[in-house]
Amino acid sequence: MSTQTQLELNAAQAAIYTRSNIRRAFQDFDDTEVSGIYLRGDDCLVVHRDGSEQAYNRELIKVAYTNYTHRLKDFFSYLGPNYRGPSVWHNNAYVLFKGWNYSHALGHLTSNAKLQAHWADKFIHVSDTNKVLHLLQSDQTDIGHLVAPDGLRIPNRPIDFDSDMEADQSAPVVDKPWCSCGSYQRQLSNVSDFASEIEGFKPWCIHMTWFNKYRELLCKRTEARNASPSGTPEKCVSWWYAPPADHISNGRFVLLYTNSGAQAPLSHWRTYKPKDVFTQHDAWDLFFNMCDVGYVPFPGTALPQLKSAVKK
Ligand SMILES: [Zn+2]
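Residues numbered from 1 in each chain as written. Predicted model: local features only at pLDDT ≥ 70, side-chain atom pairs only at ≥ 80, totals over all residues.

Asks: Teacher, can you tell me more about the overall build of the chain here?
Replies: Summing up its helical and strand segments, the chain has 10 helices and 11 strands in all. In terms of overall dimensions, the chain has a C-alpha envelope of 75 × 55 × 40 Å along the principal axes. In the chain, which comprises 312 residues, the proportion classed as buried is 26%. In the chain, once contacts between residues fewer than 6 apart in sequence are set aside, the share between residues at least 24 apart is 63%. (Helix = DSSP H or I, 4+ residues; strand = E, 2+ residues; numbered from the N terminus. Buried ≥ 20, exposed ≤ 12 C-beta atoms within 10 Å, placed from the backbone. Contact = placed C-beta atoms within 7 Å.)

In structure tokens, the structure reads:
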């Protein structure tokens, strides 16, 4: 094993051995006054401005990095206007919006949320990948990403001899999950460096994790729906979400349930666990649990007879 200190980190190592990931792996890590991060054998060395150095186990930092890129963000993180999920685009890809409307009580007033509302139904009419990407993520916009969890289909197009090599390298690959976000693209462009650092490495990002979970939920919901003999489910749950009024609090997630069908009048609905306070972080588990016991979730905004039940 090498005892020599590696002074230059490659692109993959620079993404893995960051202060943030070291802190994720080691809670007592002091990230102030850091003058350099280096590698030596199994260790990641952190050198402080006063000359002191500390060694951290590389393996644990890699695990922290992998967990972080695979983490599941809350249910509202990637919903567009009116709780819109990923929208089908061309080439096996979907437009995935960032949850600007749900991050803050005034989130719907942000320019990004307004752009989403303006473009939501129009992306399907724009078939040029670069144009869509420019509208979604650029210096001026940050409204979402193009995601192809089942692999991007490359359209037949004439070979462009003027395009540079770099653009060719980042060209999407069929049959592999693909995302336009910076994190995924960085992994894709440096995939061999990542693979020599992390065994069995496959590029991945939080958008893919969220997308797969969302798709799983849609399947569960369809199952719950189809299980009712009449075709119209009687066991229903309606839900509301009020985003946080500041950046430190959580939002509030409220559920009503009934055994009399979605159209039942307000008097037939009960608040689910009225003494508990639910937030955006409870939403995935609650949705999956409901479907498991046969309840079909509906956004409360789609059921006008319940309008008076939940105060804004
Ligand atoms: Zn992504």
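Following the structure, the description resumes.
Asks: What is the right way to look at the domain arrangement of the chain in this model?
Replies: Quoted interface sizes are often the accessible area lost when the parts come together. The domain boundaries assigned to the chain delineate domain 1 (11–69), domain 2 (75–210) and domain 3 (229–309). Look at where the C-alpha atoms of domain 1 and domain 3 centre, and you get two points 43 Å apart. (Domains from an automatic or database assignment.)

Asks: In this structure, what is going on with the sheet that holds strand E5 (residues 94–97)? I would like to understand it.
Replies: The strands that make up a sheet pair up through hydrogen bonds in the backbone, lying either parallel or antiparallel. Strands sit in the order E4-E5-E6-E7 across an open sheet of 4 strands; the sheet is antiparallel. Edge positions in the open sheet fall to strand E4 (87–88) and strand E7 (178–179), since each of these has one partner strand only. Relative to E5, E4 is paired through 2 bridges, and the arrangement is antiparallel. Its bridge partner being in E5, Val-88 is matched across the sheet by Tyr-94. (Pairing = 2+ DSSP bridges.)

Asks: Quick question: what am I supposed to make of helix H4 (residues 111–119) here?
Replies: Think of an α-helix as turning once every 3.6 residues; residues three or four places apart then point the same way. If you check which residues of H4 are buried, you get Ala-113, Gln-116 and Trp-119. Mapping the buried residues of H4 onto a view down its axis gives an arc of 135 degrees, with all of them on the same face. Opposite the buried face of H4, by more than 90 degrees, sit the exposed residues Ser-111 and His-118. In this structure, the buried side of H4 is in contact with E5 and helix H5 (129–136). (Arc of directions from axis to C-beta.)

Asks: I keep staring at the confidence of the model for the chain and nothing clicks. Help me out?
Replies: Atomic detail in the predicted coordinates should be set aside for any region of low pLDDT. Across the chain, the average pLDDT comes to 92, with 92% of residues at 70 or higher. Below pLDDT 50 for its whole length, residues 165–170 participates in 5 contacts with residues either more than four positions away or in separate chains. (pLDDT = per-residue confidence, 0-100.)

Asks: Is there a simple way to explain the nonpolar core in this structure?
Replies: Most often, soluble globular proteins keep nonpolar side chains buried together rather than apart. Ranked by size, the top nonpolar core spans 42 residues in total, and within it Leu-96, Val-147, Val-237 and Tyr-295 carry the most contacts. Listed by contribution, the elements that provide at least two residues to this core are E5, H5, strand E6 (144–148), E7, helix H9 (206–226), strand E8 (236–242), strand E9 (252–258) and helix H10 (283–292). A domain split of this core shows at least three residues from each of domain 2 (75–210) and domain 3 (229–309). In contact with Leu-96, other than residues within four places in its own chain, are Tyr-78, Pro-86, Gly-144, His-145, Val-147, His-207 and Phe-211. Of all hydrophobic cores here, the second largest spans 11 residues; its members include Tyr-17, Ile-22, Leu-39 and Phe-194. (Core = buried A, V, L, I, M, F, W, Y, C linked by C-beta atoms within 7 Å.)

Asks: How do you make sense of helix H3 (residues 58–69) when you look at a structure like this?
Replies: Given a rise of 1.5 Å per residue, 12 residues ought to cover 16 Å, and the 17 Å separating the end C-alpha atoms of H3 matches this to within 8%. Every buried residue of H3 is listed here: Arg-58, Ile-61 and Tyr-65. Within H3, the buried residues cover an arc of 65 degrees as seen down the axis, which keeps them to one side. Buried residues along H3 sit in contact with helix H1 (11–16), helix H2 (19–25), strand E1 (34–40), strand E2 (43–48) and strand E3 (53–57). (Expected span 1.5 Å × (residues − 1).)

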